[in-house]
Amino acid sequence: MRPLDRRALDLTDSGAVRPLFQRETPAAIIHCAAISKSPACQQNPLLAHQVNVEVTARLADLAAEIPFVFFSTDLVFDGRAGHYDESASVGPLSIYAETKAAAERIVLSNSRHTVIRTSLNGGISPTGDRGFNEEMRRAWQAGRTLQLFTDEFRSPIAAWVTARASGPCYAATNLVDLLPV
């Protein structure tokens, strides 16, 4: 298994992605990359669509004959009902959630492909600035106050727990290094 982070491969560069896929012929792809911070998606919806939908479509197409695991979000739901399961209808309320819901539709069009909807993944990233927990710690250390949501019930989870729950072969992936931006 070879984890790739953004330093190793720019997923928006189709001229680099396809040759690497063809050269390495992976047995499976675990796709964790995304523009995942809602404010960034709201500020640049075209980039959010490119990274969250177009990149996912390209990777899913390349992985048409192999297992493909796509990390999505609980935010594809509008939060009105709660206790959602896999069969629940999505109702995205933000550009981030809209792009993830669109990507899910692409991924789920192939029966070999899987969507994992997760919530707030936290952990220690190589750069120390990727996870929500790292952002909160940095703000606290700097004496800043963060404006957090007050109208959501979310379930934070450690990235390594998500990796372990995703299956034994996925647990070897350095998920923290591959967490979305």
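None of the values given here were measured: they were computed from a predicted structure.

With 16 residues, the main nonpolar core has I29, F68 and F70 as its most contacted residues. Elements with a minimum of two residues in this core: α1 (14-24), α3 (45-62), β2 (68-73) and α4 (95-108). A total of four residues in this core trace back to one element, the largest contributor, which is α3. Among residues more than four places away in sequence, those in contact with I29 are F21, L59, A63, I66, P67, F68 and V69. I35, A48, I95 and Y96 belong to the second-largest nonpolar core, a separate cluster that totals six residues.

Relative orientation of the contacting elements α1 and α3 amounts to 20°, with a least axis distance of 11 Å. Judged by the inter-axis angle, α1 sits roughly parallel to α3. Viewed along their axes, α1 and α3 form a crossing whose handedness is right-handed. Between α1, through S14, V17, R18 and F21, and α3, the contact on the second element is made entirely by R58, L59, D61 and L62.

In this structure, β2 lies alongside strand β3 (residues 113-118), joined through six bridges in parallel fashion. Residue pairing across strands places S72 opposite R117, the latter belonging to β3. With α4 bridging β2 and the parallel β3, this β-α-β connection has right-handed handedness.

The next subject is the packing of α3 against α4. In contact at an axis separation of 9 Å, α3 and α4 are set at 15° when each is read in the N-to-C sense. When the axis of α3 is compared with that of α4, the two are roughly parallel. Seen from above, α3 lies across α4 with right-handed handedness. Contact residues: α3 offers P45, A48, H49, N52, V53, T56, A57 and A60, while α4 offers I95, Y96, T99, K100, A102, A103, I106 and V107. Across the contact of α3 with α4, the residue classes tally to 11 nonpolar, four polar and one charged.

Attention now moves to the sheet that holds strand β1 (residues 29-31). Ordered by their spatial adjacency, three strands build an open sheet running β1-β2-β3, and the pairing between neighbours is parallel. At either margin of the open sheet sits one strand with a lone partner, and together these are β1 and β3. Averaged over all pairs of adjacent strands, the angle between strand axes in this sheet comes to 20°, irrespective of strand direction. Here β1 pairs with β2 via three bridges, running parallel. Each bridged residue has a counterpart across the sheet, and for I30 the counterpart in β2 is V69. Running at roughly 155° to β2, α4 makes contact with β2 and β3 of the sheet.

Extensive coverage of β2 is indicated by the burial of six of its six residues. Burial of β2 is two-sided: the residues F68, F70 and S72 facing one way and the residues V69, F71 and T73 facing the other way are all buried.

Right, let's get into the side chain of T118. Inspection of the secondary structure puts T118 in strand β3. In this structure T118 touches F71, S72, T73, D74, I157 and T162, once residues within four positions along its chain are discounted.

What follows is about the pattern of salt bridges. With the rule as written, the count across this model stands at five salt bridges. The shortest N-O distance in the salt bridge between R18 and D61 comes to 4.0 Å. Note that R18 is positioned in helix α1 and D61 in helix α3, a separation of 43 residues in sequence. Using a relative accessible area of 51% as the deciding quantity, one classes D61 as exposed.

Cut-offs used in this document
- Residues numbered from 1 in each chain as written.
- Predicted model: local features only at pLDDT ≥ 70, side-chain atom pairs only at ≥ 80, totals over all residues.
- Heavy atoms only, no water.
- Core = buried A, V, L, I, M, F, W, Y, C linked by side-chain atoms within 4.5 Å.
- Buried < 20%, exposed > 50% of the residue type's maximum accessible area, 1.4 Å probe, protein only.
- Helix = DSSP H or I, 4+ residues; strand = E, 2+ residues; numbered from the N terminus.
- Contact = heavy atoms within 4.5 Å.
- Axes fitted to C-alpha atoms, helices over the stretch in contact; angles between N-to-C directions.
- Parallel < 35°, antiparallel > 145°, perpendicular 65-115°, else oblique.
- Left-handed = near helix turned anticlockwise from the far one by under 90°.
- Pairing = 2+ DSSP bridges.
- Right-handed = clockwise from strand over helix to strand, strands pointing away.
- Nonpolar A, V, L, I, M, F, W, Y, C, P; charged D, E, K, R; others polar.
- Salt bridge = Lys/Arg side-chain N within 4 Å of Asp/Glu carboxyl O.

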